[in-house]
Amino acid sequence: MSSLTATLAIATGALQAEQGALSATTNNVANANTPGYSRLVPVLVESDPVLIGSIAYGTGVSLQSLQGIRDPILQLRMQEEMQQQGQLNSFVSGMQQVQVNFNSNTGDIGTQISNFFSSLDQLSTNPASLALRQGVLTAAGNLSTAFNNTAHALSAQQSNLNLSVNQAVQQINTLTSQIAALNSQISAAQGVSQNASAFIDQRDVLIGQLSSQIDVSEIRSDNGITLTTSNGTALVVGNQSFALSTGSTATGTQDVFAQGNDITSQIASGQLAGLIQVRDQKIPSVLSSLDTLASGLANGLNAANRQGFDLNGAAGGNLFVPPPASGQGYGSSIAVAITDPALIAASSDGSAGSNGNVAALSAVGTQPLGNAAAPNLNQQDSPTLAGALNASDVLTAGAQTSVTAGGVTFTYTNAATGGGPNLNEVSSANAVAAATPLAAGDSLTLTRAGKTAIYTATAATTVGNLIASINRGVTGAIPGTNFTVSGSDPQPAGYQAALSGGKLQIVDLNGTNDLTAVQTSGTELGAFSPNAAATSTLQDLINAINSDATVGAKAALLNGQLEITDPLNRGKLAVTTTDPVLGATGGSTPFATPSASTGQTPSVYYSNIVFGVGSDVANGTAELTSSQLVLQQLQDQRNSISGVSLDEEAANMLQFQRAYEAATHVITAVDEMLTAVLNMGAS
Amino acid sequence: MSSIRVNPNPMPDLIAAVEQLRQRENTETLQLATGSKINQPSDDPAGAAQLIQINDQSSRVDSFQRSVSSVSGLLSTADSTINSIVTALQRAISLGVEGANGTLSDSDRADVSAEVTGIQQQLISLANTSYQGQYIFSGTATTQPFVTDDTVPSGVRYAGNTGVNHVTVGTGYQLQINQPGSVIFNGPGADVFKSISDLISALNSNSGIGAAVNEVNTAYNYITAQRVFYGNGLNQTQSQQTYLDSAKLGLAQQQNTTAAADIASVASQLVNNETARTAALDAIGRTPQTSLFDYLK
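Residue positions within a chain follow its written sequence, with the count starting from 1. To label them, take the chains in the order written and letter them from A, then take the ligands in the order written and number them from 1. Side-chain atom pairs in this predicted model are given and counted only at pLDDT of 80 or more, local residue features only at pLDDT of at least 70, and totals for whole chains, interfaces and linings cover all residues.

With that settled, the discussion passes to the overall build of chain B. A tally of helices and strands in chain B yields 7 helices and 8 strands. In this setup the radius of gyration rests on C-alpha atoms only. A globule is expected at 2.2 Å times the number of residues raised to 0.38. What you see for chain B is a C-alpha radius of gyration of 39 Å, clearly larger than the 19 Å of a compact globule of 297 residues, by over 25%. Over its C-alpha atoms, taken along the principal directions, chain B stretches across nearly 145 × 30 × 25 Å. Here a residue counts as buried when 20 or more other C-beta atoms sit within 10 Å of its C-beta, as exposed when there are 12 or fewer, and as partly exposed otherwise, the C-beta atoms being derived from the backbone. Within chain B, buried positions represent 36% of all 297 residues. Each helix corresponds to a stretch of at least 4 residues labelled H or I by DSSP, and each strand to a stretch of at least 2 residues labelled E; elements are numbered beginning at the N terminus.

All right, on to the overall build of chain A then. If you tally the helices and strands in chain A, you get 12 helices and 28 strands. Two residues qualify as being in contact provided that their C-beta atoms, derived from the backbone, are within 7 Å of each other. By sequence separation, contacts in chain A at least 24 residues apart represent 72% of the contacts at least 6 residues apart.

This brings us to the pairing of strand 6 (residues 224–228) of chain A. All names here are of chain A. Note: strand 5 (residues 217–221) against strand 6, 5 bridges, orientation antiparallel. Considered in strand 6, the bridge of S221 is made with G224. Here strand 6 runs beside strand 7 (residues 234–237); their pairing, made up of 3 bridges, is antiparallel. Bridged to T226 within strand 7 is V237. Should DSSP find at least two bridges between two strands, the strands are taken to pair.

All names here are of chain A. Pairing is antiparallel in the open sheet, where 4 strands are placed in the order 5-6-7-8. For this open sheet the edge positions go to strand 5 and strand 8 (240–241), each flanked by a neighbour on one side alone. Where strand 7 and strand 8 come together, 2 bridges link them in antiparallel fashion. If you follow V237 over to strand 8, its bridge partner there is Q240.

Turning next to the sheet that holds strand 18 (residues 451–457) of chain A. Residue and element names in this part refer to chain A. One open sheet holds the 5 strands; their spatial order is 20-21-18-17-24, and the pairing between them is antiparallel. Looking along the sheet, the strands with just one partner apiece sit at the ends: strand 20 (476–477) and strand 24 (516–521). The pairing of strand 18 with strand 21 (residues 483–486) spans 4 bridges and is antiparallel. Looking across to strand 21, one finds that T456 is bridged to T484.

Quick look at the nonpolar core now. Residue and element names in this part refer to chain A. Think of a nonpolar core as buried Ala, Val, Leu, Ile, Met, Phe, Trp, Tyr and Cys residues chained together by C-beta atoms that fall within 7 Å. One finds L272 and V610 to be the most contacted residues of the largest nonpolar core, which totals 105 residues. It is helix 4 (residues 130–191) that contributes the most residues to this core, 20 residues altogether. Dropping the residues within four chain positions of it, L272 is found in contact with V165, A168, Q213, I214, V256 and I267.

Attention now goes to the interface of chain B and chain A. Listed per partner, the contact involves 49 residues of chain B and 55 residues of chain A. For the side of chain B that touches chain A, the secondary-structure elements that each account for two or more residues are helix 1 (11–34), helix 2 (45–100) and strand 5 (166–170) of chain B. Sorting elements by how many residues they give to the side of chain B that touches chain A places helix 2 of chain B first, with 18 residues. All residues other than Ala, Val, Leu, Ile, Met, Phe, Trp, Tyr, Cys, Pro, Asp, Glu, Lys and Arg, Gly among them, are scored as polar; the first ten of these are nonpolar and the last four charged. The residue makeup of the side of chain B that touches chain A, split by class, is 20 nonpolar, 23 polar and 6 charged.

Attention shifts here to unusual backbone geometry. In this structure, Q259 of chain A is a non-glycine residue whose phi angle is positive, near 45 degrees. Summarising the element assignment, Q259 of chain A is placed in the loop between strand 10 (254–258) and strand 11 (261–262). In the Ramachandran plot, N206 of chain B falls in the positive-phi region, its phi being about 55 degrees despite a non-glycine side chain. Mapped onto the secondary structure, N206 of chain B falls in the loop between helix 5 (192–205) and helix 6 (209–259). You can call N206 of chain B partly exposed: it has 14 C-beta atoms within 10 Å.

Residue and element names in this part refer to chain B. Pairing between strand 5 and strand 6 (residues 173–176): 4 bridges, direction antiparallel. Residue V167 lies in a different strand from strand 6, and its bridge partner there is L175. Between strand 5 and strand 6, which pair antiparallel in sequence order, lie 2 residues; one of them, G172, sits at a positive phi of approximately 70 degrees.

Another aspect to go through is the packing of helix 3 (residues 109–125) of chain A against helix 8 (residues 356–366) of chain A. Residue and element names in this part refer to chain A. Packing of helix 3 against helix 8 leaves a shortest axis separation of 10 Å and a crossing angle of 160 degrees. Relative to helix 8, helix 3 is oriented roughly antiparallel. The interaxial crossing formed by helix 3 with helix 8 has left-handed handedness. Facing helix 3, whose interface residues are F117, L120, D121, L123 and S124, helix 8 presents V358, L361, S362 and G365. A per-class count over the contact of helix 3 with helix 8 returns 5 nonpolar, 3 polar and 1 charged. Lines fitted to C-alpha atoms define the axes here, with helix axes fitted over just the stretch in contact, and angles between the N-to-C directions of these axes take values from 0 to 180 degrees. Note that the term roughly parallel is reserved for angles under 35 degrees, roughly antiparallel for angles over 145, roughly perpendicular for angles of 65 to 115, and oblique for everything else. Each crossing gets its handedness from the near helix: less than a right angle anticlockwise from the far helix is left-handed, clockwise is right-handed.

All names here are of chain A. In contact at an axis separation of 7 Å, helix 2 (residues 72–100) and helix 6 (residues 271–307) are set at 30 degrees when each is read in the N-to-C sense. When the axes of helix 2 and helix 6 are compared, the pair comes out roughly parallel. The interaxial crossing formed by helix 2 with helix 6 has right-handed handedness. Along the contact surface, helix 2 presents G86, Q87, L88, N89, S90, F91, G94, M95 and V98, while helix 6 presents Q271, A273, G274, L275, Q277, V278, K282, I283 and V286. For the contact of helix 2 with helix 6, the class distribution of residues is 9 nonpolar, 8 polar and 1 charged.

With 99% of its residues at a pLDDT of 70 or more, chain B shows a mean pLDDT of 89. What the predictor reports for the complex is a pTM of 0.73 with an ipTM of 0.86. pLDDT is a per-residue confidence score from the predictor, ranging from 0 to 100.

Residues and elements named next belong to chain A. The pLDDT averaged across chain A works out to 83; a share of 86% of its residues lies at or above 70. Confidence scores differ between elements of chain A, with strand 12 (residues 384–385) showing the lowest mean pLDDT of 64 and helix 7 (residues 330–333) the highest of 94. Residue range residues 585–595 is modelled with pLDDT below 50. Its contacts to residues more than four positions away, or to other chains, number 34 contacts.

Residues and elements named next belong to chain A. Tracing the backbone shows K282 in helix 6. A sequence separation of 47 residues divides K282 from L235, and the C-alpha atoms of the two residues are 28 Å apart. The residues contacting K282, other than those within four sequence positions of it, are M95, V98, Q277 and D616.

Structure, rendered in structure tokens:
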């Protein structure tokens, strides 16, 4: 039989156990709104019974522990989802910033491309108008600015992302050192069988925060947990944490290092991964598309402009500063090369009012990008001669320039040796005045393209009379003059005669190259020589090369250099010169190979960039929303296991309170019984 | 305890639901404010890309329309100029016929000759007509096309060139907008200035007036035929204008289909969302604020 004192001891034990259980409830109620708190459940166990005789007497209750209710698997699932969400969060917010540059407004690249080609349409209606030319130049400037602004904004965002990467790494380091500290506290508490639930809760919250920053794998072991990134980089091992660091790379981006190794490209999720993805993949890809678009437009428009003639009749130059061969970085550097609107090469025939070349410029807008290089300019293997040349540079008499392409060599001889192939005007050797007398029978023979017109004076007359005769452009007797025309040219219209610098100058208006003039009788005029011989300039050489169909080479003056190209694409083009003005052959400096065709017009190409950026944001946002829903469900699940229910706690409290009260009643009863026992002898 | 434990704190879920509804309301309000369902590329990436191309085409049609109106201004100026030239030549012909009348006195013929000389000046001035600062009969040259020059038989020399300009007035549609002055005025055997100059000479010398009148008549017939070019051009600009108007309308419709918000449906969605949000807020308000603790005495 058990003793009364043993019963008293059981009741006292019950008081302690219920009190302890009540403290768990109190703690739960107090932490009802603490994030990450796992409710405590008192673990009450029956004490070992005592066997007296054949009867086993219970020895009451004891509070074994206050157990934190948590589901480690669920916790891992939440960490994974937080990693994904962290990545999507920084990715979406980064891409939203990228997207801002591609919103449709009055200054975006797409609108500026349309505006530029519209300005060309306007120019074609009145190509000589300086106002319309200025309109084209302004539109080209706006187009450049739109490219520059967008490229600069994207580069600036990249620098900002460097800063964010640094901050994220600092935050990761803070979190890992805190987790390591908690690991040592937990193992210390568990070593002496103390309740470590509070520390575990804290650690779970910190691991959650770490998960939203970087991909974390968790390995549980006896001495706390080990955290690594998914590629195996240790972050926390037991009570030791390993800090990540950042460092600049050659390209100026901040890379992430773990113990000296660059792990930037291996970070698979978390906010850091999203930041790096936008910085190292998305923005560079958009920038490179912009470079392709800008250099494709510039190459196409430059080539088209070089095909034509400007308002002054000179061959056109580059409209935009030429892009580098790779096109890299051109989006931020594209700029208009000219400031004088007269230099826009609208003309296809050299006359100021021609708009023939505007169509070639406009075609760049409707042709596939990169294909837009002028079809008759093969820019490969083109030698470049000298530098700092002007079209008006006078070439040395007698010097020769020869151009060889496809086995055909053509030699251009300058000045004194007697004329290039492109001459359509001749001048007399002797200086004469209009009043200079000509004798009866004096005759002048003009010959071109197998036709001959012979002006014969029928009576004494003057040079002025000869000029009038040539300009009348009729056959037979010329009214009002003393000349008749004979020969095989039935209607010698198309010659124009005038006195120029004291000499009789005759121009073949039909532009035939082989005009010759001979005074067959009389010596007043002297020998005739091709006019260009007197002032053979670089422009004459360029014209001569361009008009020579045999070689088919094209020459142009670009940035002070004579560039000769082979439109027929026959491989190497060889140019040699003995002219000291042109200098030695500049070797075979290849032009940039025209960029491969993208198969898309500029406008379509741009719209595809916008589509790419837009769908990145749209897809990222959709994934983020679903990730948020998943995380919310996991949170709900966690709460349903670990969360504090006040109803439950109230019920528990009542239960513990009632048990406590009952135990006190037992003590009172035992007390009365003991009193009764003590009083037995007294009465 | 066998019952399933439920999440004791549903508040974050409710707040998230309200947040989502509010976000949707913001989007719908923006759509109503701008009238467009694509306010940033991510709203509809494919639509945004399409919109860029539609806008590009639309801006191109705008500029074609401006080109057409500028070209038709040029063409109608040229047309009416040639009309004036034709009238002047008619007058020259009747003056020539009058001058050929043998009963006319020398001084009367001198008056007729003076009037034809006036017509000659008028013709030169008409041939040098310009539109927006550009001579319309100078080919593609910008110099004055017809200059008086006593050294040539007709007294007028053509200083323009034979270039022609084309203006793009539609995708792949190029319209020739000028005829060189040499084609119009110096036709083969039908030189306007030569015929007038010959008529003046004939009147002055009172010989060959009939032949000179015939010459003017030939020039008159020739230049009348040249009017057809400008008449055709004007017709083409008119029909192109009509076409561009309808193309513009078509593009505007495409713009609408691609980007315009369906105001009625967006507005009703907005109202629905507002109702849903009010209900959600109401639910939050009604979430039991009490627990068992409140009933413990």
